[in-house]
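Architecture and fold: a report
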Amino acid sequence: MAQYLYVWQLYLTMLQFTIMIDLGDLSKSKTVSRPQYCGALQYYLHQKNFISENQVKYGKHLVILNPVQVGYVRHVKISPSVSLKLKTLSSDPVIFEVEDFLTKEECNHLISLANQKGLQKSVTTTNKQNFILLDLNKDQQLNLTEMRLTIENSYDIYLEPPDIKLMYKKLKMDPNNDGIVVPEEMSASGITPHTIEDYLNKYVEKLPEKRSRFSEQVWLFPDKVKDHTFEDIQHRISKLTHLPQFLVKKSHFQIVHYGKSGHYNAHHDSYEISKTSLPTPCCIDGFRKSCRICRFMTILFYLNEVEEGGGTAFPVANKNTAGDDTKFIVDGGLNLQVNCNKSSLVVEPKQGKVVMWYNHKLDYNTGWVGQLDWKTWHGGCGVKRGEKWIANFWILYSDNKDKHLKH
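First, a word on what this report is: a plain description of the structure on this page. (Residues numbered from 1 in each chain as written. Predicted model: local features only at pLDDT ≥ 70, side-chain atom pairs only at ≥ 80, totals over all residues. Heavy atoms only, no water.)

Another aspect to go through is the overall build of the protein. Along the backbone of the protein there are twelve helices and 22 strands. Expressed as a percentage of the 407 residues in the protein, the buried residues total 50%. Considering only contacts within the protein whose residues lie at least 6 apart along the sequence, 71% involve residues at least 24 apart. As displayed, the protein offers around 20800 Å² of accessible surface, 51% of which is attributable to carbon and sulfur atoms. (Helix = DSSP H or I, 4+ residues; strand = E, 2+ residues; numbered from the N terminus. Buried < 20%, exposed > 50% of the residue type's maximum accessible area, 1.4 Å probe, protein only. Contact = heavy atoms within 4.5 Å. Areas by Shrake-Rupley, 256 points an atom, 1.4 Å probe, with all protein chains shown as cover.)

A ring pair, where both rings are aromatic, is described by two values, the distance of the centres and the angle of the planes. Counted under the stated rule, the structure contains nine aromatic pairs. Ring geometry for Phe101 versus Phe301: centroids 5.9 Å apart, planes at 45°, classification tilted. Taken together, the residues span a long stretch of sequence, with Phe101 in the loop between strand E7 (94-98) and helix H3 (104-117) and Phe301 in strand E13 (residues 295-302) at a distance of 200 residues. By relative accessible area, Phe101 is classed as buried at 2%. Residue classification places Phe301 among the buried positions, given a relative accessible area of 0%. On the numbers, 6.1 Å between centres and 40° between planes, the contact of Phe253 with Phe301 is tilted. Here Phe253 is found in strand E11 (residues 251-258), whereas its partner Phe301 is found in strand E13, with 48 residues between them in sequence. Taken together, the aromatic side chains of Phe101, Phe230, Phe253, Phe301 and Phe393 make up a single cluster linked through ring pairs. In this arrangement the basic side chain of Arg236 is found over the ring face of Phe101, its NZ or CZ atom lying 5.3 Å from the centre. Directly above the ring of Tyr258 sits Lys388, whose terminal nitrogen or CZ lies 4.5 Å from the centroid. (Phe/Tyr/Trp six-rings, centres within 6.5 Å; stacked < 30°, edge-to-face > 60°. Lys NZ or Arg CZ within 6 Å of the ring centre and 35° of its normal.)

The next point concerns the sheet that holds strand E16 (residues 345-347). Spatial strand order, E9-E12-E20-E15-E16: five strands in an open sheet with antiparallel pairing. Across the chains shown, the open sheet's two edge strands, defined by having one partner strand only, are strand E9 (213-214) and E16. Pairing of strand E15 (residues 312-314) with strand E20 (residues 378-380) involves two bridges; the strand directions are antiparallel. The residue of E20 that forms the bridge with Thr312 is Gly380. (Pairing = 2+ DSSP bridges.)

Applying the stated criterion across every chain yields a total of three disulfides. Between Cys283 and Cys291 runs a disulfide, and the two sulfur atoms are separated by 2.0 Å. Across the S-S bond of Cys283 and Cys291 the torsion is about 100°, and the bridge reads as right-handed. Considered together, Cys283 and Cys291 belong to a single accessibility category, that of buried residues. Two residues share a disulfide in this structure: Cys340 and Cys381, whose sulfurs sit 1.9 Å from each other. (Disulfide = S-S within 2.5 Å.)

Ranked by size, the top nonpolar core spans 50 residues in total, and within it Phe101, Leu110, Phe253, Ile255, Phe296, Phe301 and Leu303 carry the most contacts. At five residues, the largest contribution of residues to this core is made by H3. If we ignore the near neighbours within four places in the chain, the residues touching Phe253 are Leu110, Val218, Trp219, Leu220, Pro222, Phe230, Phe301, Ala391, Asn392 and Phe393. Of all hydrophobic cores here, the second largest spans 20 residues; its members include Leu159, Val181, Met186 and Ile196. (Core = buried A, V, L, I, M, F, W, Y, C linked by side-chain atoms within 4.5 Å.)

Counting buried residues in strand E17 (residues 354-358) gives five out of five residues, a clear majority hidden from the surface. Alternating residues of E17 divide into Val354, Met356 and Tyr358 and Val355 and Trp357, and every residue in both groups is buried. For E7 and E17, the ladder comprises four bridges, and the chain directions are antiparallel. Of the residues in E17, the one forming a bridge with Val98 is Val354. Bridge count between E13 and E17: five bridges; the pairing is antiparallel. When the bridges of E17 are listed, Leu300 appears paired with Val355.

Attention shifts here to the pairing of strand E5 (residues 73-79). Bridge analysis of E5 against strand E6 (residues 82-91) gives six bridges, and the strand direction is antiparallel. The partner of Val73 across the bridge, within E6, is Lys87. Between the end of E5 and the start of E6, which pair antiparallel, lie two residues.

A separate point is the side chain of Asp227. Position of Asp227 relative to the elements: it lies in the loop between strand E10 (216-220) and helix H8 (228-241). The residues contacting Asp227, other than those within four sequence positions of it, are His109 and Leu113.

Across the sheet, which stays open at both edges, the nine strands sit in the order E5-E6-E7-E17-E13-E22-E11-E10-E8 with antiparallel pairing between neighbours. Edge positions in the open sheet fall to E5 and strand E8 (120-121), since each of these has one partner strand only. Two strands pair when backbone bridges link them, and E6 and E7 are joined in this way by four bridges, in the antiparallel orientation. The residue bridging Lys87 from the neighbouring strand is Glu97, located in E7. Sheet strands in contact with H3 are E10, E11, E13 and strand E22 (388-396), and its direction is about 100° off that of E10. Along the sheet face, H8 touches E5, E6, E7, E10, E11, E13, E17 and E22 and points at about 135° away from the line of E5. (Axes fitted to C-alpha atoms, helices over the stretch in contact; angles between N-to-C directions.)

Shown next, in the form of structure tokens:
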């Protein structure tokens, strides 16, 4: 196969030509340049399982490893004497796990650093304060599902039907107790968005597990400190992912602690790429008020043994779906504190284990980051007994590829 690829590349250095081939966006007859076609051809060969099992390169710097199939195990040599087993957990999206990536001493060292720096209450990056009624069927009334979705979307708070019925009772929003709220009832009882917000804030003070995220965290910046453990981890990540070390070092590192009932409902680790002429900039140069999260890849480390619960759920991994989030969200799929066991993939925590996945697909024309892989919905299931410590290591990207690749 390598000989054929070489012949194609040699031929394409001499001319451009018109092609028609089953290549997704290139499926229509068009004139393409050599870089475009070579990238497309490589993508096509991968889709037809012609590319080596080891890796699939879409550009000079970015790589997505070939999952081959669920359950497939490959050996990755990270030093002359150490080889790790990389196991495929999902092919859509691409998710891998590696056991014993970190030693017990390294795990304890990271936990110690977090405690030294001081943990703070975790918050979500969304700032949901606008009360928007989600009347899905446009019938001018809200059933329990529509009110649940309204509260989730407006306040990032996740209630179950009994919680909502209790709110109706306390605020006298549903005088006839039919579980349906109409504008006339809300107006008659003097209910405003502020009334609901005030009630919910007090409610989650008593029941913080109703928030989308219930944990504490600390940020560490390995590129700004001299720490041999960080350096060793970055070196191994580079070997494991086949990404150059200078990209791995442009990373954000977060340590998170979950206590009893600690969890993080389903979310994406990166934002969709903006299609506007003036996109919101990536937050790669620091935490600015107006920026978007740009994370090509997530590498999650488990730092301790959890007595019960605390798995990492991927609710739609390997599911044959058309890519529509609507039904998944309406059915309560985001609420992992309640619906973790309905997820198609749950990775159980184990000290030293690593789980890694790609938040974005790749653009084989540019060799750079492509659209968000919506199937990377994931989150932390509730801790039932004990506590959970994890570390998140994010490989970042920016819209300015050339600037980002400078090192």
